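Understanding the architecture of this molecule
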Amino acid sequence: MALIVDIKKRLPDFDLEMAFTCEDGELNVLIGPSGAGKTTIIRIIAGLVEADEGHISYNDKTWVDTDQGISLPTQKRRLGFVFQDYTLFPHLNVYKNIAFASVDESEVEGLLKLFEIWHLRDSMPHKISGGERQRCAICQNLARHPQVLLLDEPFSALDVAIRRKLREGLKHIKKDLDIPIIHVTHDLSEALFLGDAILPIVRGKVAGEWLRKHVEEVLEDEIRTNKTAREFIRSSTT
Amino acid sequence: MDWTALFISGKLALITTLILVTVSAPLAYILSFSRFTGKSLFEALVNLPLVLPPTVLGFYLLVVMGPKGYVGSLWEWVTHERLVFSFEGIVIASLVYSLPFAILPMKATFSKIDKRLLESAYVLGLSSSSTFFRVVLPNSIGGIIISAILVFVHTLGEFGVVLMVGGSIPGETKVASIAIYEAVEALRYSDAGMMSLIILILCYIVLISVNLLTGKQSDGAYS
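Just so it is clear, the model here is predicted, and its values are computed rather than measured.

**What about the overall build of chain A?**
- Along chain A, the regular secondary structure elements total 8 helices and 11 strands.
- For 238 residues, the compact-globule formula gives about 18 Å, and the C-alpha radius of gyration of chain A, at 19 Å, lands near that figure.
- Considering only C-alpha atoms, chain A reaches an extent of 60 × 50 × 30 Å along its principal axes.
- The proportion of buried residues among the 238 residues of chain A is 49%.
- Counted over contacts in chain A with a minimum sequence separation of 6, partners at least 24 positions apart contribute 68%.
- Split by element, the accessible area of chain A, about 11600 Å² in all, is 49% carbon and sulfur.

**Description of a nonpolar patch on the surface**
Residues and elements named next belong to chain B.
- A contiguous nonpolar surface patch, about 690 Å² in accessible area, is contributed by I30, F36, F42, L45, L48, L50, V51 and L104.
- The biggest single contributor to the nonpolar patch is helix α2 (residues 39–51), with 5 residues.
- Structurally, I30 is set in helix α1 (residues 3–33).
- Take I30: its relative accessible area is 38%, and that puts it in the partly exposed class.

**Topic: the packing of aromatic side chains**
- By the definition in use, this model includes 11 aromatic pairs over all chains.
- Both rings, one in F59 of chain B and one in Y60 of chain B, keep their centres 5.4 Å apart while their planes meet at 70 degrees; by these two values the pair is edge-to-face.
- Through successive ring pairs, a cluster of aromatic residues spans Y29, F33, F110, F132 and F133 of chain B.
- One residue, R121 of chain A, lies across the ring of W118 of chain A, its end atom 4.2 Å from the ring centre.

The rules behind the values
- Residues numbered from 1 in each chain as written.
- Chains lettered and ligands numbered in written order.
- Predicted model: local features only at pLDDT ≥ 70, side-chain atom pairs only at ≥ 80, totals over all residues.
- Heavy atoms only, no water.
- Helix = DSSP H or I, 4+ residues; strand = E, 2+ residues; numbered from the N terminus.
- Rg over C-alpha atoms; globule rule 2.2 N^0.38 Å.
- Buried < 20%, exposed > 50% of the residue type's maximum accessible area, 1.4 Å probe, protein only.
- Contact = heavy atoms within 4.5 Å.
- Areas by Shrake-Rupley, 256 points an atom, 1.4 Å probe, with all protein chains shown as cover.
- Patch = residues over 30% accessible without salt bridge, like charges linked within 9 Å, V, L, I, M, F, W, Y side chains within 5 Å.
- Salt bridge = Lys/Arg side-chain N within 4 Å of Asp/Glu carboxyl O.
- Phe/Tyr/Trp six-rings, centres within 6.5 Å; stacked < 30°, edge-to-face > 60°.
- Lys NZ or Arg CZ within 6 Å of the ring centre and 35° of its normal.

Printed below as a string of structure tokens:
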């Protein structure tokens, strides 16, 4: 089963055109500079923004078909969407946030333990750290048993150590989930670490050339600033 | 001192507050988050009692709620009783008169809610109405309480609209503000003074409560 996306959307500065397929158990990374249209793509997949033209389907079920006037409401797409800045419900504690839309409340405890936030179950969202909030947001979405998981730069506001830990956690659960995961980021190392497929996007379109240049820039930067990398290059070229 | 008039004022304010808070919450939600044709016209209509002189509003209500008006004749057809110069009549007049005092604070509170919370609720499968009850309302308690307090205190002080629609029938439509006016006219200053003092103290307590709640809201306790 796969999520099939083929959409067009007119944006103020450019036209967005995107087509890709993401199989169950696969993680596709959308990478690109700020304002490239990455978030708009997953918002269209979620049904939070309407596509002008195109088709989105999952498991032979059509979510969007502009020719036939089909646009399944967000609520009926049964997906998970982890926003960049952890939109937990401020009036509910951690446990109730995760149980909020859970399919089976008996799984909440297991999820909290898996993400190492069981001890925070009674805490309110504003009392816990950014990393803990983001883990809570991921749990909240997983508790719904989503068919597709959308992640919009979920780790970008976190410090390096927590980001690394969460990345590893996501990679670990990816196969178990066995659903298509679309992960938006502008972090190349994150994309390379997590992605089964990487879609570089610039001004709403796939831009392989941008990715090649970006990789070169990152490598040059690394060589310039990292002594070990410089020594490695020197030893391997002499 | 006219304790009955004070009791009628309190009863009127309480009933108006309960009805308006219940009706205004979904209305304010729609006005905050929906787009529809004629929205600004509708909003202006809802807020009209804020700027209309009470006697003008009272006059139109008297026309509409009178035996030949649409609302009045419908009321008579259903209940076989007149709507004007009755307690039910002044309740309806108060609902119209105080509507903007219920809508505006609620709308301001709803508008402050992070739109992503609503999106998050939709993604988690909640319908618009479930989102309203499970996300919007619990995060707007402060605004709803402020709205209720303002409606209560505004209704408590009503004079012009109540006098036009309800007249001054003792035990039925004679509210405290009318009783105070009549006491002054009859030179019973001590009665007028005592009733005024009770309303003044009540309003002062209410305003202090609003200030405390507004302060808490800006500190994020209710937002």
